[in-house]
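Summary of structural features
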Amino acid sequence: MVRIRFHGRGGQGAKTAARLVATAAFLEGWMAQDSPLYGAERRGAPMTAFARLDRAPIRERGMIARPDLVVVADDSLLADPAAHVGDGVEADTVVFVNSEQAVTQLLERAPCPGRLLTGDLTGLVLAQLGKAGALSGPLGAVAARLVGLSETNLRTALVMELGELGLPVPVIEQNLSMAHACFELVQPVPLRQNGDRPGQPASLRTPTYEPPTSGTARISALANVTVRKTGGWRTFRPVLDPEKCIGCWMCYLHCPDGAVRMTGATHPLIDYDHCKGCLLCVEECPTLALISEREAGLVRRSS
Ligand code: SF4
Ligand code: SF4
């Protein structure tokens, strides 16, 4: 059995990525199972998704405590204790991280006990779409490639699953193109196959309610929005061009986190300590006064 664990943030597409690799494996004749696990169920908050692939019927259910392959949607998750990326990772676990950084650079900033691989999937999405977008297609394609599934079955899975989500044909075609690029970006790696050895039960994390901190936001912390800094969730930031701003307040109205304030000069002021980078304000700005800018140097930038 190959056990795959995806780590992402709400909205990045890790759940769909798990579904894509499971469907591609199923089309290839494997048994397959996939499931997501949300915490805060909030855009930007860390979440996990699982896929199990096997030639034999799969008897296991639930969380994957000891993965053979870990796929991480952005490198800021490595430094986020709430994401638990390193749980159950051993020396022979393959860990792929979406990052602009090379393996050696990333290891200096975020030690990883597994066999680390990196690739810039966000750069791929930016090149293809011209803006930030969900990573489900690229993450699913990387996982399929590393496992050794065929591109043909991955493409069929993309058309089926993204079509079922109601995505328009041009978006599905862009994902097919990105999937092809991912197949060129990474090569299959020998993954450990755990055979008949039963998976270890995942430890249950019982929430203990913590005092408010200004560090990583956790669902288990007491309500403390004024001190919790969700700016650490951001992979893109909204940036204002004041010349184009007409002071319509649409960004203020649509920000789900109250991270936009209007100044006396009627221009918005973005609170980057708490802006989680959902880019709703960029989508809603009628004059394109807000643009999205990729955060540089993840694995803990300052906000
Ligand atoms: S300021 Fe914009 S990007 Fe930041 S949380 Fe609010 S709507 Fe999202
Ligand atoms: S939505 Fe755009 S134009 Fe309106 S206040 Fe915000 S930045 Fe200015």
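The shown structure was predicted, so the numbers you read here are calculated from the model rather than taken from an experiment. (Residues numbered from 1 in each chain as written. Chains lettered and ligands numbered in written order. Predicted model: local features only at pLDDT ≥ 70, side-chain atom pairs only at ≥ 80, totals over all residues. Heavy atoms only, no water.)

1. Some details on the site of ligand 1
Around ligand 1, a shell composed of Pro-238, Cys-255, Pro-256, Val-260, Cys-275, Lys-276, Gly-277, Cys-278, Leu-279 and Cys-281 is seen. Its residues assigned to classes, the shell around ligand 1 shows 8 nonpolar, 1 polar and 1 charged. (Near = heavy atom within 4 Å. Nonpolar A, V, L, I, M, F, W, Y, C, P; charged D, E, K, R; others polar.)

2. Points about a nonpolar patch on the surface
A cluster of nonpolar residues, Phe-26, Leu-27 and Met-160, forms a patch on the protein surface that exposes about 290 Å² of accessible area. Mapping Phe-26 onto the fold places it in helix α1 (residues 14-27). We classify Phe-26 as exposed; its relative accessible area is 56%. (Patch = residues over 30% accessible without salt bridge, like charges linked within 9 Å, V, L, I, M, F, W, Y side chains within 5 Å. Areas by Shrake-Rupley, 256 points an atom, 1.4 Å probe, with all protein chains shown as cover. Salt bridge = Lys/Arg side-chain N within 4 Å of Asp/Glu carboxyl O. Helix = DSSP H or I, 4+ residues; strand = E, 2+ residues; numbered from the N terminus. Buried < 20%, exposed > 50% of the residue type's maximum accessible area, 1.4 Å probe, protein only.)

3. Observations concerning the sheet that holds strand β3 (residues 46-54)
Ordered in space as β2-β3-β1-β4-β5-β6, the 6 strands form an open sheet in which the pairing is mixed. Each edge of the open sheet carries a strand with a single partner, namely β2 (31-38) and β6 (115-119). On average, each strand axis in the sheet is tilted by 15° relative to the strand beside it, whichever way the strands run. Two elements, strand β4 (residues 69-72) and strand β5 (residues 94-98), share 4 bridges in a ladder whose sense is parallel. For Val-70, the partnering residue across the bridge sits in β5 and is Val-95. (Pairing = 2+ DSSP bridges. Axes fitted to C-alpha atoms, helices over the stretch in contact; angles between N-to-C directions.)

4. Some points on the pattern of salt bridges
Enumeration according to the criterion identifies 13 salt bridges in this entry. Overlapping salt bridges, with partners in common, bring together Arg-3, Arg-52 and Glu-60 in one network.

5. Quick word on the nonpolar core
Soluble globular proteins tend to bury their nonpolar side chains together. Grouped together as the largest cluster of nonpolar side chains are 44 residues, with contacts concentrated most on Ile-4, Phe-6, Val-21 and Leu-69. Setting aside anything within four residues of it in sequence, one finds Val-21 in contact with Ile-4, Phe-6, Ala-51, Leu-53, Gly-140, Ala-143, Ala-144 and Leu-149. Within the second largest apolar cluster, 14 residues are counted, among which are Cys-251, Val-260, Cys-275 and Ala-289. (Core = buried A, V, L, I, M, F, W, Y, C linked by side-chain atoms within 4.5 Å. Contact = heavy atoms within 4.5 Å.)

6. What about the site of ligand 2?
What surrounds ligand 2 is a group of 15 residues, the closest being Cys-245, Cys-248, Trp-249, Cys-251 and Cys-285. A class-by-class count of the residues in the shell around ligand 2 yields 13 nonpolar, 2 polar and no charged.

7. Structural notes on helix α6 (residues 169-185)
Compared with the 24 Å implied by 1.5 Å per residue over 17 residues, the 24 Å span of α6 between its first and last C-alpha is a close match. Of all the residues in α6, the buried ones are Ile-172, Asn-175, Leu-176, Met-178, Ala-179, Cys-182 and Phe-183. Elements in contact with the buried residues of α6: α3 (121-129), α4 (136-147) and α5 (151-164). (Expected span 1.5 Å × (residues − 1).)

8. Section: the environment of Pro-286
By the element assignment, Pro-286 lies in the loop between α8 (280-284) and β10 (290-294). Measuring from C-alpha to C-alpha, the distance between Pro-286 and Cys-251 comes to 9.4 Å, with 35 residues separating the pair along the chain. Setting aside its immediate chain neighbours within four residues, Pro-286 contacts Cys-248 and Met-250.

9. Here's the deal with the pairing of strand β1 (residues 2-9)
The element β1 is extensively covered by neighbouring structure, given that 8 of its 8 residues are classed as buried. Here β1 shows no split at all, with Val-2, Ile-4, Phe-6 and Gly-8 on one side and Arg-3, Arg-5, His-7 and Arg-9 on the other all buried. Of the strand pairs in this sheet, β1 and β3 are connected by 8 bridges, and their pairing is antiparallel. Along β3, the bridge assignment pairs Ile-4 with Ala-51. Summarising the sheet, β1 and β4 pair through 4 bridges and their orientation is parallel. Following the sheet pairing, His-7 is matched in β4 by Val-72.

10. Section: the packing of α5 against α6
Between α5 and α6, whose axes approach to 10 Å, the crossing angle comes to 150°. Classed by the angle they form, the pair α5 and α6 counts as roughly antiparallel. When the axes of α5 and α6 are compared, the crossing they make is right-handed. On α6, the residues touching Glu-151, Leu-154, Arg-155, Leu-158, Val-159, Leu-162 and Gly-163 of α5 are Ile-172, Asn-175, Leu-176, Ala-179, His-180 and Phe-183. Its residues assigned to classes, the contact of α5 with α6 comprises 8 nonpolar, 3 polar and 2 charged. (Parallel < 35°, antiparallel > 145°, perpendicular 65-115°, else oblique. Left-handed = near helix turned anticlockwise from the far one by under 90°.)

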